[in-house]
Amino acid sequence: KAGVTQTPRYLIKTRGQQVTLSCSPISGHRSVSWYQQTPGQGLQFLFEYFSETQRNKGNFPGRFSGRQFSNSRSEMNVSTLELGDSALYLCASSLTSNTEAFFGQGTRLTVV
Amino acid sequence: QKEVEQNSGPLSVPEGAIASLNCTYSDRGSQSFFWYRQYSGKSPELIMSIYSNGDKEDGRFTAQLNKASQYVSLLIRDSQPSDSATYLCAVIGSNTGKLIFGQGTTLQVKP
């Protein structure tokens, strides 16, 4: 059974640009959550999607957005990138919202 | 008060010893608790889940849950150098359904 797939693995962007990250969950999983991980802040919850609906949102500015498609694949978008957005972005999939979550390998975003 | 709290460590134990990792949480209504292991530069890997008070054992790992004290722990028996990693405690909020992580405890197992 394939795991959670995130693409791309690495990205370098310039301040002010926008970026789109992709996540394909484990087959059959309908919940996808996104996290930002930085050395100082740890794992911070961004948002969760279930059956194409955003069910939860963390305390991030509106520059961070996401969506989920009918096949449960999810994308997150960050607009007007700032240096502080440099982080590891992790996607986790689970069967439903309250069950075990499994992480992808992450996308390492560097903003210069 | 943070929603999920862990001592950042590092916790250093000799090879073969028992490592004890602790976590407290603030949401009294939480019902689902998880331990993840994260090696440097890698993504978190789920190692244990626990939903009921008491102990749950899986190989060298034992998770312990005490909902009255809002306390979760992870014991690693016969610790190996390969267990050296950051261990993340995670809790699903009872009202939000969000999976919230602690800052993680760094474990060092010395040969």
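What you see is a predicted model; the values in this text were computed from it and never measured. (Residues numbered from 1 in each chain as written. Chains lettered and ligands numbered in written order. Predicted model: local features only at pLDDT ≥ 70, side-chain atom pairs only at ≥ 80, totals over all residues. Heavy atoms only, no water.)

A. Looking closely at the overall build of chain A. Each helix and strand counted, chain A has zero helices and 11 strands in total. If you list the helices and strands of chain A from N to C, you get β-β-β-β-β-β-β-β-β-β-β. Counting over 112 residues, chain A shows a buried share of 50%. Put simply, 53% of the contacts in chain A that link residues at least 6 apart link residues at least 24 apart. Element-wise, carbon and sulfur atoms account for 47% of the exposed surface of chain A, whose accessible area totals about 5400 Å². (Helix = DSSP H or I, 4+ residues; strand = E, 2+ residues; numbered from the N terminus. Buried < 20%, exposed > 50% of the residue type's maximum accessible area, 1.4 Å probe, protein only. Contact = heavy atoms within 4.5 Å. Areas by Shrake-Rupley, 256 points an atom, 1.4 Å probe, with all protein chains shown as cover.)

B. A look at the state of the cysteines. Residue and element names in this part refer to chain A. Under the defined criterion, the tally for this structure stands at two disulfides over all chains. Each sulfur in the disulfide pair C23 and C91 lies 1.7 Å from the other. Around the S-S axis, the bridge from C23 to C91 shows a dihedral of about -50 degrees and counts as left-handed. Here C23, found in strand 3 (residues 19-24), pairs with C91, found in strand 9 (residues 87-94); they are 68 residues apart in sequence, far enough to count as distant. The residues C23 and C91 share a single accessibility class, namely buried. (Disulfide = S-S within 2.5 Å.)

C. The pattern of salt bridges, seen in detail. For the coordinates displayed, the defined rule picks out seven salt bridges over all chains. We note a salt bridge from R37 of chain B to E45 of chain B, for which the minimum N-O separation is 3.0 Å. We classify R37 of chain B as buried; its relative accessible area is 13%. With a closest N to O distance of 3.4 Å, R77 of chain B and E57 of chain B form a salt bridge. On the criterion of sequence distance, the pair formed by R77 of chain B in the loop between strand 8 (71-76) and strand 9 (85-92) and E57 of chain B in strand 6 (residues 54-58) is long-range, its members being 20 residues apart. The structure contains a network of salt bridges with shared partners spanning R63, E82 and D85 of chain A. (Salt bridge = Lys/Arg side-chain N within 4 Å of Asp/Glu carboxyl O.)

D. Local environment of the sheet that holds strand 7 (residues 64-68) of chain A. Residues and elements named next belong to chain A. As summarised here, the arrangement of the four strands in space is 1-3-8-7, forming an open sheet in which the pairing is antiparallel. Two strands lie at the open edges of the sheet, namely strand 1 (5-7) and strand 7, each paired on one side alone. Adjacent strand axes in the sheet meet at a mean angle of 15 degrees when their direction is disregarded. Strand direction decides the pairing type here: strand 7 and strand 8 (residues 74-78), joined by five bridges, are antiparallel. Counterpart to Q68 in the pairing with strand 8 is S74. (Pairing = 2+ DSSP bridges. Axes fitted to C-alpha atoms, helices over the stretch in contact; angles between N-to-C directions.)

E. Region of the structure containing the sheet that holds strand 3 (residues 19-25) of chain B. Residues and elements named next belong to chain B. Judged by pairing direction, the sheet is antiparallel, and its five strands sit side by side in the order 1-3-8-7-6 without closing on themselves. Taken across any chain shown, the strands that pair with only one partner, and hence form the sheet edges, are strand 1 (4-5) and strand 6. Bridge analysis of strand 1 against strand 3 gives two bridges, and the strand direction is antiparallel. Bridge pairing in strand 3 places E5 opposite T24.

F. The arrangement of the interface of chain B and chain A in detail. Across the contact, 18 residues belong to chain B and 20 residues belong to chain A. If you look at where chain B meets chain A, you find zero salt bridges. Across the contact surface, chain B and chain A share six residue pairs in polar contact (both at pLDDT 80 or more). Contributing elements (two or more residues each) for the side of chain B that touches chain A: strand 4 (33-38), strand 5 (45-50), strand 9 and strand 10 (99-101) of chain B. Among the residues making up the side of chain B that touches chain A, the classes are represented as 10 nonpolar, seven polar and one charged. (Polar contact = N/O pair within 3.5 Å; in protein donor to acceptor, adjacent residues only side chain to side chain. Nonpolar A, V, L, I, M, F, W, Y, C, P; charged D, E, K, R; others polar.)

In short, the description is geometric, and any link to function would need to be established separately.
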